[in-house]
Amino acid sequence: MASNQHEFERAQKVLVGGVNSAVRAFRAVGGTPRFIARAEGAYMWDVEGKRYIDYLGSWGPMIAGHTHPHVIQAVQEAALRGLSYGAPNVMESELAERLCTLFPQVERVRFTSSGTEAAMSALRLARGYTGRDRIIKFEGCYHGTADSLLVKAGSGALAFGTPSSAGVPADLAQHTLVAQFNDLASVEALFAQHPDSIACVMVEPMPGNMNLIRPAAGFLEGLRALCTKHGALLIFDEVMSGFRVALGGAQEVVGVTPDLSAFGKVIGGGMPVGAIGGPARVMEKMAPLGPVYQAGTLSGNPIAMAAGLATLDLISVPGFFDTLHRRCGQLVDGLNAAAREAGVVLCAQHQGGMAGLYLRATPPTSFVEAQQQDLDRFKRFYHLMLGEGVYLPPSPVEAFFFSSAHSDQDITDTLAAARRSLAAVA
Ligand code: KE4
């Protein structure tokens, strides 16, 4: 009989930490990662045969649930036409056309194989377009693992207490200026200190990597005005929030238009896809038209394009996000009610199919507040829920994800599990 523990011990002999992405190692919650054997709809099963209601959703992509027939059929049909060409195929144009329709300021797209590549390439493009070296990012925001962006980063880097990674040369990191999310004055100060030398401001417009934090009224609008005033590009990293908080991402929710957008996760439907989008005048600085080099063997991979197109088919149905937001709200309202009933300091909030659960009295509005949680109680709550068959992201600084595959019964079962778990940690 296979066991998670056995598979974890086996994996650690050949994979660093037993994983291929640091956050999967359960370091923030302790215990043994679950080795997933299969997933379907709203569920995953581990190698021991235990079923979990999945609120990880592969960290965002699985907005229509696992193995949706429309996506699987598209992938199977594409696979029979070949797995990779290394040459243009029409599905790349189809998916790019969808992005240009959904995001009016996006006139040109470049696909990559990950969100990291998308953010990294957007950063290089901003530097190449402006001729400037410095960038502004926000403490706790995560944009993947490009060197310049692993400075006071969120997600696993934050969870493990290594927000600024080893191995990033100081003379590179010095060009990364760090501001505070929802603190416009901290951004103004950096522009004042470094006139005419900041290429871009890169931000998660609705962060999910220090857990879900809502932009304060006027904050993103202020970033837009500062970038326009100082000739810097405003880059929205919508790898997580895009096609997740709304079909048009956080920029649709807040009504602020960036210069460049980075996408990922949902637009691959579970397959490796990232994308950069923006006006032709900026994007065409990128190779082969311009001097900013960018390339990738599997960029625009036909299987990934097919999965992304099929997923966009599903989430573009009128009313999809209204329903997703309403039903995720039922879960969130239930969690808040359960915490009140149990007398446990826990709260939750959501936007579309992206949600945050916090071991504190109110949702955090800043990086500092996001750290002010009862981490010990979170660990206990996490493992109790896992034991109840509810799979949440294994970190207090990660958002969780609701899909169209989650049923009313799943919500009922999740809330029952939460009430039992809260009673045990009260
Ligand atoms: P990837 O390289 O992991 O596809 O994308 C990096 C990235 C960029 N921008 C944002 C806003 C992101 O959230 C991410 C990746 N998110 C993490 C979860 N917090 C992925 C999970 C992991 O690292 O395994």
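Scroll up for the structure.
A few points on the structure. Please read these numbers as outputs of a predicted model, since none were measured by experiment. (Residues numbered from 1 in each chain as written. Predicted model: local features only at pLDDT ≥ 70, side-chain atom pairs only at ≥ 80, totals over all residues. Heavy atoms only, no water.)

### Quick look at the overall build of the protein chain
Inference 1: Regarding its fold elements, the protein chain presents 15 helices and 14 strands.
Inference 2: Computed over C-alpha atoms, the radius of gyration of the protein chain comes to 21 Å, within 12% of the 22 Å expected from 2.2 N^0.38 for 426 residues, which places it in the range of a compact globule.
Inference 3: Dimensions of the protein chain, computed from the C-alpha atoms along their principal axes, are close to 55 × 55 × 45 Å.
Inference 4: A buried classification covers 56% of the 426 residues belonging to the protein chain.
Inference 5: A separation of at least 24 residues holds for 72% of the contacts in the protein chain among residues at least 6 apart in sequence.
Inference 6: Approximately 16800 Å² of the protein chain is accessible, and the part contributed by carbon and sulfur atoms is 54%.
Inference 7: Taken together, the 34 basic and 38 acidic charged side chains of the protein chain have centroids lying 3 Å from each other. (Helix = DSSP H or I, 4+ residues; strand = E, 2+ residues; numbered from the N terminus. Rg over C-alpha atoms; globule rule 2.2 N^0.38 Å. Buried < 20%, exposed > 50% of the residue type's maximum accessible area, 1.4 Å probe, protein only. Contact = heavy atoms within 4.5 Å. Areas by Shrake-Rupley, 256 points an atom, 1.4 Å probe, with all protein chains shown as cover. Lys, Arg positive; Asp, Glu negative; His and termini not counted. Charge placed at Lys NZ, Arg CZ, Asp CG, Glu CD.)

### Remarks on the site of the ligand
Inference 1: Around the ligand, the structure places 17 residues, and the nearest of them are S21, T116, N209, D237 and E398.
Inference 2: Separating a nitrogen atom of the ligand from a backbone N or O atom of Y142 is a distance of 3.5 Å.
Inference 3: Residue S155 places a side-chain N or O atom 3.2 Å away from a nitrogen atom belonging to the ligand.
Inference 4: Protein chains shield 88% of the accessible area of the ligand, which is 540 Å² for the free molecule. (Near = heavy atom within 4 Å. Polar contact = N/O pair within 3.5 Å; in protein donor to acceptor, adjacent residues only side chain to side chain.)

### Observations concerning the pairing of strand 10 (residues 274–278)
Inference 1: A large share of strand 10 lies buried, amounting to five of its five residues.
Inference 2: With burial as the criterion, each face of strand 10 is covered, one bearing G274, I276 and G278 and the other bearing A275 and G277.
Inference 3: Relative to strand 10, strand 4 (residues 108–112) runs antiparallel, the two being bridged by five bridges. Bridge pairing links F111 to A275 in strand 10.
Inference 4: Across three bridges, the pairing between strand 9 (residues 260–263) and strand 10 is antiparallel. When the bridges of strand 10 are listed, S261 appears paired with G277. (Pairing = 2+ DSSP bridges.)

### Overview of the pattern of salt bridges
Where charged atoms from two side chains of opposite charge approach closely, those side chains can pair.
Inference 1: Tallying each qualifying case throughout the model produces 10 salt bridges.
Inference 2: For the salt bridge of R108 with E284, the shortest nitrogen-to-oxygen distance reads 2.9 Å. Here the residue R108 occupies a position in strand 4, and E284 occupies one in the loop between helix 10 (280–283) and helix 11 (302–315), the gap between them amounting to 176 residues.
Inference 3: A residue is classified by how much of its surface remains accessible, and R108, at 38% relative accessible area, is partly exposed.
Inference 4: A salt bridge links D374 to R377; its shortest N-O distance comes to 3.9 Å.
Inference 5: Judged by its relative accessible area of 32%, D374 is partly exposed. (Salt bridge = Lys/Arg side-chain N within 4 Å of Asp/Glu carboxyl O.)

### Regarding the packing of aromatic side chains
Inference 1: Evaluated as defined, the whole model comprises 13 aromatic pairs.
Inference 2: Summarising the aromatic geometry, the rings of Y43 and W45 are spaced 6.1 Å apart at their centres and angled 75 degrees between planes, so their arrangement reads as edge-to-face. W45 carries the same exposure label as Y43, and that label is buried.
Inference 3: Ring centres of Y55 and F400 lie 5.9 Å apart, and the angle between their planes is 85 degrees; on these two criteria the pair is classed as edge-to-face. Here the residue Y55 occupies a position in the loop between strand 3 (51–54) and helix 2 (69–79), and F400 occupies one in strand 14 (residues 400–401), the gap between them amounting to 345 residues.
Inference 4: Above the plane of the ring of Y43 lies R51, whose end atom (NZ or CZ) is 3.9 Å from the centre. (Phe/Tyr/Trp six-rings, centres within 6.5 Å; stacked < 30°, edge-to-face > 60°. Lys NZ or Arg CZ within 6 Å of the ring centre and 35° of its normal.)

### Concerning the sheet that holds strand 14
Inference 1: Taken in spatial order, the three strands line up as 11-12-14 in an open sheet, and their pairing is antiparallel. What marks the edges here is a single partner per strand, and that holds for strand 11 (347–351) and strand 14.
Inference 2: One ladder, built from two bridges, connects strand 12 (residues 354–358) with strand 14; its direction is antiparallel. Each residue of the ladder has a partner; that of M354, found in strand 14, is F401.
Inference 3: Relative to strand 11, helix 12 (residues 320–342) is tilted by about 175 degrees, and along the sheet it contacts strand 11, strand 12 and strand 14. (Axes fitted to C-alpha atoms, helices over the stretch in contact; angles between N-to-C directions.)

### What about helix 11?
The periodicity of an α-helix, 3.6 residues per turn, causes residues three or four positions apart to be oriented the same way.
Inference 1: Between its first and last C-alpha atoms helix 11 spans 20 Å; for 14 residues at 1.5 Å apiece the expected length is 20 Å, and the two agree.
Inference 2: Burial within helix 11 is extensive, with 13 of its 14 residues counted as buried.
Inference 3: Sitting at the head of helix 11, N301 places a side-chain oxygen 2.9 Å from the backbone nitrogen of I303. (Expected span 1.5 Å × (residues − 1).)

### A closer look at the nonpolar core
Inference 1: Ranked by size, the top nonpolar core spans 73 residues in total, and within it F111, F243 and I315 carry the most contacts.
Inference 2: Sort the elements by how many residues they give to this core and helix 11 lands first, with 10 residues.
Inference 3: Counting contributing residues, this core receives three or more from each of domain 1 (4–67 + 318–425) and domain 2 (69–315).
Inference 4: If we skip the residues at most four places from it in the chain, F111 touches E92, L95, A96, L99, I267, V273, G274, A275, S299, G300 and M305.
Inference 5: F191, V201, F236 and V256 belong to the second largest nonpolar core, which has 27 residues in total. (Core = buried A, V, L, I, M, F, W, Y, C linked by side-chain atoms within 4.5 Å. Domains from an automatic or database assignment.)

### Notes on the pairing of strand 7 (residues 198–203)
Inference 1: Burial of strand 7 is extensive: six of the six residues sit out of reach of the surface.
Inference 2: Taken together, the three bridges between strand 5 (residues 134–138) and strand 7 define a ladder with parallel strand orientation. The partner of R134 across the bridge, within strand 7, is I198.
Inference 3: Examined bridge by bridge, strand 7 and strand 8 (residues 233–237) share four bridges and lie parallel to one another. In the strand pairing of strand 8, V201 is matched with L234.

### Looking at the sheet that holds strand 2 (residues 43–46)
Inference 1: Read across the sheet, four strands follow the order 1-2-3-13 without closing on themselves; strand pairing throughout is mixed. The sheet terminates laterally at strand 1 (36–40) and strand 13 (390–391), the two strands that pair on one side only.
Inference 2: Summarising the sheet, strand 1 and strand 2 pair through four bridges and their orientation is antiparallel. Bridge pairing links I36 to D46 in strand 2.

Any link to function would need more than the numbers given here.
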